[in-house]
Protein chains: 2
Amino acid sequence: MNEIMKLAIDKARETMNKNYGGPFGSAIINQNSEIIVVTSNSVLKDNDPTAHAEVNAIREACKKLNTNDLNGYILYATGYPCPMCLSAIIWANIKKVYFGCLPEDAEKIGFRDDFIYRFINDKCSDKNVLDILQIDREECIKLFDEYKNSGKIIY
Amino acid sequence: MNEIMKLAIDKARETMNKNYGGPFGSAIINQNSEIIVVTSNSVLKDNDPTAHAEVNAIREACKKLNTNDLNGYILYATGYPCPMCLSAIIWANIKKVYFGCLPEDAEKIGFRDDFIYRFINDKCSDKNVLDILQIDREECIKLFDEYKNSGKIIY
């Protein structure tokens, strides 16, 4: 077994047995294969629905490295990242991910990763999942334009 | 203008002008229209690529309410939630969202919300965006099965 994946699995096993959250571990390494962080899901422990292993890994690595840009770093995850984690990985500019289980494997043990992928692939149109309504676009565009015209950083 | 959206816009304007992050604000209210939190993007301030307004709102509301379940609460956002935030909303069991700008409006001011939606809708197949490789599925499935067989909480 890959030694980084083993660290992610071991961390997930340890914390799921403490009831911190699901069986999900993650790790981030740099291009020299040095380990930056090894994390796991802590949704239940932290009362934070966003505290998936990969999000925790990105947050911790960014804190440790004092940056919001993980370009060049590589992420490992015991499961295929859910759309939240996948997007977090892209926002963090990570370009390479190694994963173990598939979204359908997570579904088989009761998690909604694949359900959310299906909702997005169906153009977020199922109002029984989430009812998304538009209001006040003009005022919000005004805000967006203020940002653009100020020449601020795009990340 | 909707008064909750106004709070989200005002908060976003305040923090973008402090260079905390992009022009994105959010708010969560309960079913009695009481305001729980008003937040904004703090990616740059916190060096956290996951610190979008909606993720910050969910994390703060969960902390305040001491739960990971926001079922029945309503979220407002100045922009259509990116896939990370949209998924976080679903993980938090929020069922209703009001948003202002569209993903293409965010794209026009330089953000990648719509780019990530296109990547997901293209089945995450563009290796120039993210190279996602599978390893060690068997060992990870073993971990997942341990979780399932332990009868632990599914959230």
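Residues numbered from 1 in each chain as written. Chains lettered and ligands numbered in written order. Predicted model: local features only at pLDDT ≥ 70, side-chain atom pairs only at ≥ 80, totals over all residues.

Digging into the overall build of chain A
In terms of helices and strands, chain A carries seven helices and five strands. Structurally, chain A occupies a C-alpha span of about 55 × 40 × 25 Å along its principal axes. By sequence separation, contacts in chain A at least 24 residues apart represent 47% of the contacts at least 6 residues apart. (Helix = DSSP H or I, 4+ residues; strand = E, 2+ residues; numbered from the N terminus. Contact = placed C-beta atoms within 7 Å.)

Quick notes on the sheet that holds strand β3 (residues 74–79) of chain B
Read across the open sheet, the five strands follow the order β5(A)-β4(B)-β3(B)-β1(B)-β2(B); overall the sheet is mixed. The outermost strands of the open sheet, each flanked by one partner alone, are β5 (131–134) of chain A together with β2 (35–40) of chain B. Geometrically, the sheet is characterised by an average inter-axis angle of 15° between neighbouring strands, direction not taken into account. Alignment of strand β1 (residues 25–29) of chain B against β2(B), held across five bridges, turns out to be antiparallel. Bridging from a neighbouring strand, B:Ile28 pairs with B:Val37 of β2(B). Packed on one face of the sheet, helix α7 (residues 137–149) of chain A meets β5 of chain A together with β3 and β4 (96–101) of chain B and runs near 55° to β4(B). (Pairing = 2+ DSSP bridges. Axes fitted to C-alpha atoms, helices over the stretch in contact; angles between N-to-C directions.)

Comments concerning the interface of chain B and chain A
On the chain A side, the residues contacting the 72 residues of chain B number 72 residues. The element contributing the most residues to the side of chain B that touches chain A is helix α7 (residues 137–150) of chain B, with nine residues. Looking at the side of chain B that touches chain A residue by residue, the class counts come to 43 nonpolar, 15 polar and 14 charged. Where β5(A) and β4(B) come together, four bridges link them in parallel fashion. Note that in β4(B) the partner of A:Gln134 across the bridge is B:Phe99. (Nonpolar A, V, L, I, M, F, W, Y, C, P; charged D, E, K, R; others polar.)

What about the relation of the copies chain B and chain A?
With an RMSD of 0.0 Å, the fit of chain B onto chain A corresponds to turning through 180° and sliding 0.0 Å along the axis. Such values leave the two copies arranged in the relation of a two-fold axis. The C-alpha atom lying nearest the rotation axis in chain B is that of B:Met84; the distance is 1.9 Å. (Least-squares fit on C-alpha atoms with pLDDT ≥ 70 in both.)

Topic: unusual backbone geometry
We note that A:Asn19 has phi near 65°; this positive angle belongs to a residue other than glycine. Along the chain, A:Asn19 falls in the loop between α1 (3–16) and β1 (25–29). Even without being glycine, B:Lys123 reaches a positive phi, approximately 60°. Relative to the assigned elements, B:Lys123 resides in the loop between α6 (113–121) and β5 (131–134). By C-beta crowding, B:Lys123 is classed as exposed, having 9 other C-beta atoms within 10 Å. (Buried ≥ 20, exposed ≤ 12 C-beta atoms within 10 Å, placed from the backbone.)

Observations regarding the packing of helix α3 (residues 53–65) of chain B against helix α4 (residues 83–91) of chain B
A packed helix pair is summarised by two numbers, namely the angle formed by the two axes and the spacing between the axes. Residue and element names in this part refer to chain B. Following both chains from N to C, one finds α3 and α4 inclined at 25°, their axes separated by 8 Å at the closest point. The angle between the axes of α3 and α4 places the two elements in the roughly parallel class. In this structure, α3 crosses over α4, and the sense of that crossing is left-handed. From α3, Glu-54, Val-55 and Ile-58 reach across to α4, where they touch Met-84, Cys-85, Ala-88 and Ile-89. Split into classes, the residues belonging to the contact of α3 with α4 amount to six nonpolar, no polar and one charged. (Parallel < 35°, antiparallel > 145°, perpendicular 65-115°, else oblique. Left-handed = near helix turned anticlockwise from the far one by under 90°.)

Details of the nonpolar core
In this structure, A:Leu75, B:Ile28, B:Leu75 and B:Ile89 are the most contacted members of the largest nonpolar core, which totals 105 residues. Not counting the four nearest positions on each side in its chain, B:Ile89 is found in contact with A:Leu130, B:Glu54, B:Leu75, B:Pro81, B:Ile94 and B:Val97. (Core = buried A, V, L, I, M, F, W, Y, C linked by C-beta atoms within 7 Å.)

Comments concerning α4(B)
With respect to burial, α4(B) is a largely interior element, nine of its nine residues being buried. By the burial criterion, the buried members of α4(B) are B:Pro83, B:Met84, B:Cys85, B:Leu86, B:Ser87, B:Ala88, B:Ile89, B:Ile90 and B:Trp91. Contact partners of the buried residues in α4(B): α4 (83–91) and α6 (113–121) of chain A together with α3, β3, β4 and α6 of chain B. A positive backbone phi angle near 70° is found at B:Asn93, which sits one or two residues after α4(B).

Remarks on the confidence of the model for chain A
Averaged over chain A, the pLDDT score is 96; the fraction of residues at 70 or greater is 100%. Confidence metrics for the complex model read pTM 0.97 and ipTM 0.97. (pLDDT = per-residue confidence, 0-100.)

Re α3(B)
Because the α-helix completes a turn every 3.6 residues, residues three or four places apart line up on one side. Residues and elements named next belong to chain B. With 13 residues, α3 extends 18 Å between its outermost C-alpha atoms, agreeing within 8% with the 18 Å of an ideal straight helix rising 1.5 Å per residue. Taken residue by residue, α3 has Ala-53, Glu-54, Val-55, Asn-56, Ala-57, Ile-58, Arg-59, Ala-61 and Cys-62 as its buried positions. Considering only its buried residues, α3 is in contact with α1 (3–16), β1, β2, β3 and α4. Backbone geometry just after α3 places Asn-66 at a positive phi near 60°. (Expected span 1.5 Å × (residues − 1).)

A closer look at the sheet that holds strand β3 (residues 74–79) of chain A
Taken in spatial order, the five strands of this open sheet run β2(A)-β1(A)-β3(A)-β4(A)-β5(B), and their pairing is mixed. The open sheet is flanked by β2 (35–40) of chain A together with β5 of chain B, the only strands paired with a single partner. In this sheet, adjacent strand axes meet at a mean angle of 15° when their direction is disregarded. Docked against the sheet, helix α3 (residues 53–65) of chain A engages β1, β2 and β3 of chain A, running at close to 145° with respect to β2(A).

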